[in-house]
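Residues per chain, in single letters:
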Amino acid sequence: MTSPESFGALTAPMTLGKEKITAANTPRRAYADTPDGQVHYRVAGTGEPIVLMHWAPSSGRQHSVLLVQLAARGFCAIAPDLMGYGDSDKPDRQWSIGDYSRNLGDLLDALELSAVYLYGGHTTAAVATEFAVTSPSRVQALALDGSPVYDAAQRAAFAGSYALPLQLETDGSHMLWAWQRSLRSPTMPLEEVFADCVDLLKAGHTYHTGYEAVWAYDMAARLPLLTVPTVAMTTPDDPLADAHQQVMAAVPGCQEFIGPARASQTVVERAALAADFLEEFCRSQGADKLTL
Amino acid sequence: MRKGYIDTEFGQVHYYAAGESGPLLFLFHETALAASEFSRTLPILGEKCRAVALDTPGYGMSDPPSAPLDMQAFATRFCRAIEAFGDGPCILAGAHTGSSFALELATQQLAERVTHVVLSGLALLTANEIEGFRKIIGAPELDHEGRFLIEEWEKRRQRWGEATPLDDILWGTAEQLMVYQRFHWAFEAVFSHDAELALKKLNCPTLFLIGEDDSLVDSDRRAATLVTDAELKVLPGVGGRLPYFEPERYAREVLRFAGLG
């Protein structure tokens, strides 16, 4: 049995480091009922719960390989689809970062998880931050992988120009737009571009809603309020690398992890690196259910 | 309407469901769409029955097999998922390829449970036609410029009609692209299925419900003559993907036929 995630990146069992990625430990998919609708999520493993939030406009599929890697290291790794993305329900109005944060709490309630390790990046670095600020007892430790920290003028400029609502054209040119938007570097494998492109098309008319929430969110004002152990992650080619020092300065006692350029690694290599780091980070924050 | 997964020994089967009471109604989508084909009609069907639309293994969010399956193997996988919803009588309904699955289950694995069958485009193919299809279907090649995406879009617009709302073209294109490597696998099951033999075995009331402009309308006309207890209902002015584009009419006809109002 092959995983539905195998758009070409994983078509045969392979080994990397400690674990063999086989059908037996591919993520299981499920839905959780929240007051705002069904949240679709992927889950792998048992043990220390860690929630991995995907970047807009992708879905939890972004973390399929990482979920498996973390499961092998003793985590119960959960990757939800943000509402409006992937297979989660679509909100009935434009949400704020606060709304996404509330829904995350509702998801944890549905899964009967009182506290988790929490990882977010780009759009979801904002969601993860807001959740950790408003519900610190539910976040054991926080990893922010690229944070959208912008001043009011920058955010206003983005709101008028970046991630505008989807416009369908008779000639299908929006399909090319979706493809080009997904082609984040010239060395990206075609299957990866394609998988991201399909996620974008699947989000369709709500693909922009996560960004819209970020434009309205003053992350710089919220970061200093964090009281949970936090690590700021970045790479040389992260589009949000400029904000890294700002995050380091704003978050009390912030740790740091600088990874190699994403474009220089395969999906599996990136996941292995992230899994190694997250295992070490969580262990240092008291995670004692991890395998040795 | 809610979505969910059934865990089976063959992997997970994804479904949409609506309705809290009444008989079970299982719906099978066409290739290469998904259970979302029934998303508009399910809430209406759910008023009178417990309606469940299943993503065929390999399509939508259901786990794929490792290779194309024949009809019997697909049917076995469907059965595992269907069993999870409980025992008792049930109605089966299918659109295009889904009709073939419904027919197989109604005459074989679920024969003792099925009270009514609704088929919308049951393909009766000759050996020549099968050979012809085999020549033209296959997974598209990814290219660096994404041009094949435009081709998929354009092909769908041609097939579905240029008046089709762009949102619907997007939905259909995205569903197929999601499974592009194996989008044609269900056809193999249809090619391996002796539909004529199965039709002659059908011993429950069967409704052939199809749009006048659907590409398989003549196939349904012929199929209806092979079934002992058949009703043929051809809807004037209606094309393909009847449950998606005419959800109220589809639901009304199915419920009427099943004696549910």
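Residues numbered from 1 in each chain as written. Chains lettered and ligands numbered in written order. Predicted model: local features only at pLDDT ≥ 70, side-chain atom pairs only at ≥ 80, totals over all residues. Heavy atoms only, no water.

**Re the environment of Ser-173 of chain A**
Residues and elements named next belong to chain A.
- Within the secondary structure layout, Ser-173 lies in helix H5 (residues 173–182).
- Using a relative accessible area of 31% as the deciding quantity, one classes Ser-173 as partly exposed.
- A sequence separation of 43 residues divides Ser-173 from Ala-216, and the C-alpha atoms of the two residues are 29 Å apart.
- Side-chain polar atoms of Ser-173 contact the side chain of Asp-171, separated by 2.9 Å. (Helix = DSSP H or I, 4+ residues; strand = E, 2+ residues; numbered from the N terminus. Buried < 20%, exposed > 50% of the residue type's maximum accessible area, 1.4 Å probe, protein only. Polar contact = N/O pair within 3.5 Å; in protein donor to acceptor, adjacent residues only side chain to side chain.)

**Details of the confidence of the model for chain B**
- Per-residue pLDDT for chain B averages 95, and the proportion of residues at 70 or more is 100%.
- Two numbers describe this predicted complex: its pTM, 0.93, and its ipTM, 0.95. (pLDDT = per-residue confidence, 0-100.)

**Describing the environment of Leu-104 of chain A**
Residue and element names in this part refer to chain A.
- Summarising the element assignment, Leu-104 is placed in helix H2 (residues 97–110).
- Exposure remark for Leu-104: the relative accessible area of 4% places this residue in the buried category.
- Between the C-alpha atom of Leu-104 and that of Met-83, which follows or precedes it by 21 residues, the distance is 9.7 Å.

**Structural notes on the pattern of salt bridges**
- The final tally for this structure, using the stated rule, is 36 salt bridges over all chains.
- Of the charged contacts, one joins Lys-202 of chain A and Asp-87 of chain A as a salt bridge, the two residues approaching to 2.8 Å between their closest N and O atoms. Of this pair, Lys-202 of chain A sits in helix H6 (residues 190–203) while Asp-87 of chain A sits in the loop between strand E6 (75–80) and H2, and the two are 115 residues apart along the sequence.
- The partner of Glu-231 of chain B in a salt bridge is Arg-256 of chain B, with the nearest N and O atoms 2.8 Å apart. Placement of Glu-231 of chain B in strand E8 (residues 230–235) and of Arg-256 of chain B in helix H11 (residues 247–257) is noted, with a sequence separation of 25 residues between them.
- Taking the relative accessible area as the measure of exposure, Arg-256 of chain B reaches 36% and is therefore partly exposed. (Salt bridge = Lys/Arg side-chain N within 4 Å of Asp/Glu carboxyl O.)

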